[in-house]
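Given next are the chains, with one letter for each unit.
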Amino acid sequence: MPICRFAAEPPQGGLPPEETLKAEFLAACLKVETDPDDPDLGEAGEIHWFPDRTWSGRTYVPATARTSTGLELFGYVSFAPGDEPSELYAFADYTPDVADDHPEWRMDISQEVIGSWRGEHGEVAAMTLIWGVPFERRGRIVSALLGETEVDQANLVGDRFTLLAPDDYDGEYLEIVLQDAAGNELLRESLYEDDE
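(A) Geometry of the packing of aromatic side chains. Going through the model one piece at a time under the given rule, you end up with 7 aromatic pairs. Ring plane angle 70 degrees and centroid distance 5.4 Å describe the contact between Tyr60 and Tyr76, whose orientation is recorded as edge-to-face. In this pair, Tyr60 is assigned in strand 3 (residues 58–67) and Tyr76 in strand 4 (residues 72–80), connecting sequence segments 16 residues apart. For Tyr60, a relative accessible area of 6% translates into the label buried. Taken together, the aromatic side chains of Tyr60, Tyr76, Tyr89 and Phe91 make up a single cluster linked through ring pairs. For Arg160, the ring lying beneath its charged end belongs to Phe50, and the centroid distance is 5.5 Å.

(B) Region of the structure containing the sheet that holds strand 6 (residues 107–118). Strand order across the open sheet formed by 3 strands is 6-7-10, with antiparallel pairing between neighbours. The open sheet has two free edges, formed respectively by strand 6 and strand 10 (161–167), since each of these has just one partner strand. Strand-to-strand, the axes of this sheet are offset by a mean angle of 20 degrees, without reference to chain direction.

(C) A look at unusual backbone geometry. The phi torsion at Ser56 lies on the positive side, around 55 degrees, for a residue other than glycine. Its place among the elements puts Ser56 in the loop between strand 2 (53–55) and strand 3. The class of Ser56 is exposed, set by a relative accessible area of 59%. Non-glycine residue Glu87 carries a positive phi angle of around 55 degrees. Along the polypeptide, Glu87 turns up in strand 5 (residues 86–95).

Analysis parameters
Residue numbering note: each chain is counted from 1, following its sequence as written. Predicted model: local features are reported for residues with pLDDT of at least 70 only, side-chain atom pairs are reported and counted for 80 or more only, and whole-chain, interface and lining totals are derived from all residues. The basis for every side-chain value is the complete set of non-hydrogen atoms in the structure, without hydrogens or water. Working definition: a ring pair exists when centres of Phe, Tyr or Trp rings (six-membered ring for Trp) sit within 6.5 Å. Plane angles under 30 degrees give stacked, over 60 give edge-to-face, the rest tilted. By definition, any uninterrupted DSSP run of H or I lasting at least four residues is a helix, any uninterrupted run of E lasting at least two residues is a strand, and each is numbered from the N terminus. Note on exposure labels: buried denotes an accessible area under 20% of the residue type's maximum, exposed denotes more than 50%, and partly exposed covers the range between, all computed with a 1.4 Å probe on protein chains only. The criterion for a charge sitting over a ring is simple: Lys NZ or Arg CZ within 6 Å of the ring centre, and within 35 degrees of the ring normal. Pairing between two strands requires that DSSP report at least two bridges joining them. Every axis corresponds to a line fitted to the C-alpha atoms, with the helix fit spanning only the stretch in contact, and the corresponding angles, defined between N-to-C directions, vary from 0 to 180 degrees.

Here it is as C-alpha cells:
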C-alpha cells in the first residue's frame, strides 16, 4: 500500500514560551460550547502539554485539561516554526468521557484531523494528530499502525506521547500500539473502538 510513513518531524525545540501557549489554548477553550445534555464547561484546570510534532510547515503542541465540572478539554496550539515562532493558531474541544470513569481503558487517547494526504486512485488519508497517556507503565515506545503498516513511532516522554499519522486510507484505520524497551507489544488500541 503506497502511503506516507514517518511524515512528521520529532520534537525540535524552539517552542513559544509556555505562557503564550497557555494563553492561546485557553482562548480557544473559551469558544467551546457544550451539548445541552452535558454540564457547563466550567473553568479549565492545569494544562498538560504533550510532545510537539511538526508536519507540512507547522508545529503542533497538544494539550489536555480537566475542568471544574469534570469534563476534559483537549486540543492543540500550532505555529509556523522559525527563529521566532509565528502564525499561532489554537484548537480546543471537550469530552465528558474521562479516564477516571473508565477503569477498562488501557490508554487515554485524543485525536484530531489536521490535514490530508492524497494517494493513488483518488484515495485520501486523514492526517491525524494523536496524543495520549498509556496506563501500562512498562511501555517505552508507541507506534501508529495503518492496517499492518507502521506509519509513525515515538518514544514516551514521561508518560505521554504524540503521533502524527495517516488514517482512514484505502479501507484501513489506525491502531495505536504500546511496546516495551525490547520492542514487545504490550497493548493495542483502535481509535474507533467506541464506534464499533
